[in-house]
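Spelled out from the first residue to the last, the chains are:
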Amino acid sequence: MNLKMIMALVKDEITQTVIDAAREAGATGATVITSAQGEGLKKEKTFLGLDLAAQRDIILLMVAEPKAREILETIAKAGKFDEEPGAGIACQIALEDAVGLSTQLPTLIDEVEKEI
C-alpha cells in the first residue's frame, strides 16, 4: 500500500481541531510532538529577554496515498492556515515503507476501496 506522511506544524491551541478534521477526512490516527519552537517570516518579539514565541505542536499523520490530498486540504481549512498568519503549515511526504500498521491496515484498505 502506498502511504504518505502528513506533517502539520500548528499553534498548540488548534491541535485537537486539526486532528479531529483529519479523522473526519479519513486519517486513522495521529502522533503529536508538543512544545516545538520555530520562527516564521518575522522574528518574534521578546519582553525583557523572555521569548514570547508561541509553542507549536507537530502533528504526524500516516495516511493512504489516495486520501492524502483531501486530508491535507481539510486540515488546512480547519486550522485556517491560509487565513491567519502563524496558524500553521502542513506538507505531505511519500513514504517508502512502514511497519506496525497491522491494526490500522484493514481500515486503510477499506477507505481506499471506497474511493475506487
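Data block above holds the structure.
The structure displayed is predicted, hence computed values, not measured ones. (Residues numbered from 1 in each chain as written. Predicted model: local features only at pLDDT ≥ 70, side-chain atom pairs only at ≥ 80, totals over all residues. Heavy atoms only, no water.)

Considerations on the packing of helix H1 (residues 15-25) against helix H2 (residues 65-78)
Point 1. At a closest axis distance of 8 Å, the pairing of H1 and H2 adopts a crossing angle of 145°. Considering the relative orientation of H1 and H2, their crossing is right-handed. Here Thr17, Val18, Ala21, Ala22 and Ala25 of H1 lie close against H2, whose contacting residues are Lys67, Glu70, Ile71, Thr74, Ile75 and Ala78. (Axes fitted to C-alpha atoms, helices over the stretch in contact; angles between N-to-C directions. Helix = DSSP H or I, 4+ residues; strand = E, 2+ residues; numbered from the N terminus. Left-handed = near helix turned anticlockwise from the far one by under 90°. Contact = heavy atoms within 4.5 Å.)

Observations concerning the sheet that holds strand E1 (residues 3-11)
Point 1. Pairing is antiparallel across the open sheet formed by four strands, whose spatial order is E2-E5-E1-E6. The sheet terminates laterally at strand E2 (31-36) and strand E6 (88-95), the two strands that pair on one side only. On average, each strand axis in the sheet is inclined to that of its neighbour by 20°, with strand direction left out of account.
Point 2. Alignment of E2 against strand E5 (residues 56-64), held across four bridges, turns out to be antiparallel. (Pairing = 2+ DSSP bridges.)

With respect to H1
Point 1. Those residues of H1 not exposed but buried are Thr15, Val18, Ile19, Ala21, Ala22 and Ala25. Summarising the axial view, the buried residues of H1 lie within an arc of 160°, below the 170-degree limit, and thus occupy one face.
Point 2. Next to the buried residues of H1 lie E1, E2, E5 and H2. (Buried < 20%, exposed > 50% of the residue type's maximum accessible area, 1.4 Å probe, protein only. Arc of directions from axis to C-beta.)

So, the nonpolar core
Point 1. Counting 18 residues, the largest nonpolar core has Leu61, Ile71 and Ile75 as its most contacted members.
Point 2. Elements that contribute at least two residues to this core include exactly E1, H1, E5 and H2.
Point 3. Here Ile71 is in contact with Ile6, Ala22, Ala25, Gly26, Ala27, Leu61 and Val63, once residues within four sequence places are set aside. (Core = buried A, V, L, I, M, F, W, Y, C linked by side-chain atoms within 4.5 Å.)

Side note on unusual backbone geometry
Point 1. With phi around 60°, Ser35 is a residue other than glycine that occupies positive phi space.
Point 2. Within the fold, Ser35 resides in strand E2.

Concerning H2
Point 1. End to end, H2 covers 20 Å across 14 residues, agreeing with the expected 20 Å (1.5 Å per residue, within 8%).
Point 2. Remark: Lys80 follows H2 within two positions and exhibits a positive phi of approximately 55°. (Expected span 1.5 Å × (residues − 1).)

A word on the pairing of E5
Point 1. When E1 meets E5, the two strands line up antiparallel, connected through nine bridges. Across the sheet, residue Leu9 finds its bridge partner in E5, namely Ile58.

Side note on the pattern of salt bridges
Point 1. One pass over the structure, following the stated rule, counts four salt bridges.
Point 2. Notably, a salt bridge pairs Lys11 with Glu84, separated by 3.7 Å at the nearest N-O pair. Note that Lys11 is positioned in strand E1 and Glu84 in the loop between H2 and E6, a separation of 73 residues in sequence.
Point 3. Among the residues examined, Glu84 registers a relative accessible area of 33% and is labelled partly exposed.
Point 4. Close ionic contact of Arg69 with Glu73 constitutes a salt bridge, the shortest N to O distance being 2.8 Å. With Arg69 and Glu73 both in helix H2, this residue pair falls four residues apart, about one helical turn.
Point 5. Residue class for Arg69 comes out partly exposed when judged on its relative accessible area of 49%. (Salt bridge = Lys/Arg side-chain N within 4 Å of Asp/Glu carboxyl O.)

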